[in-house]
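Tertiary structure, described
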Amino acid sequence: MPLTLEWILVTEGKEERISDQPNSFTITLNGYRLFPVEQMIEIKRHKETDQIGFGKITKLTWSNNQTVCYYRLISLNSVN
């Protein structure tokens, strides 16, 4: 099983808000990826752009060659 270790979460604008939890989101990524859980990591919209803030990964699930990542946005650099 190929596995990629990640230290930055790049969303490409595909994140979905979890409505019943404040500042919480989920994103489905292709492939199996491992992120540090419950640690502050950079959140970026695109790989080449500046970070939009910091967050904490709260849960990861792997299946069917996809990673579902649940995270909470801790700090936001700007509203745009």
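Preceding this section is the structure that the text describes.
Brief notes about the nonpolar core
The biggest cluster of nonpolar side chains holds 12 residues, and these are Leu-9, Phe-25, Ile-27, Leu-29, Phe-35, Ile-41, Ile-43, Ile-52, Ile-57, Cys-69, Tyr-71 and Leu-73. When residues of this core are traced back to their parent elements, those giving at least two are β4 (24-30), β6 (40-44), β7 (51-63) and β8 (66-76). Dropping the residues within four chain positions of it, Leu-9 is found in contact with Ile-27, Leu-29, Phe-35, Ile-41, Glu-42, Ile-43, Lys-44, Ile-57, Cys-69 and Tyr-71.

Side note on the packing of aromatic side chains
Summed over all chains, the structure comprises two aromatic pairs. Taking the centre distance of 5.5 Å and the plane angle of 20° together, the rings of Phe-25 and Tyr-71 count as stacked. One end of the pair, Phe-25, is in strand β4; the other, Tyr-71, is in strand β8, and 46 residues separate them in sequence. Accessibility assignment for this pair places Phe-25 and Tyr-71 in one class, buried.

Each value, and the rule that gives it
Residues numbered from 1 in each chain as written. Predicted model: local features only at pLDDT ≥ 70, side-chain atom pairs only at ≥ 80, totals over all residues. Heavy atoms only, no water. Core = buried A, V, L, I, M, F, W, Y, C linked by side-chain atoms within 4.5 Å. Buried < 20%, exposed > 50% of the residue type's maximum accessible area, 1.4 Å probe, protein only. Helix = DSSP H or I, 4+ residues; strand = E, 2+ residues; numbered from the N terminus. Contact = heavy atoms within 4.5 Å. Phe/Tyr/Trp six-rings, centres within 6.5 Å; stacked < 30°, edge-to-face > 60°.

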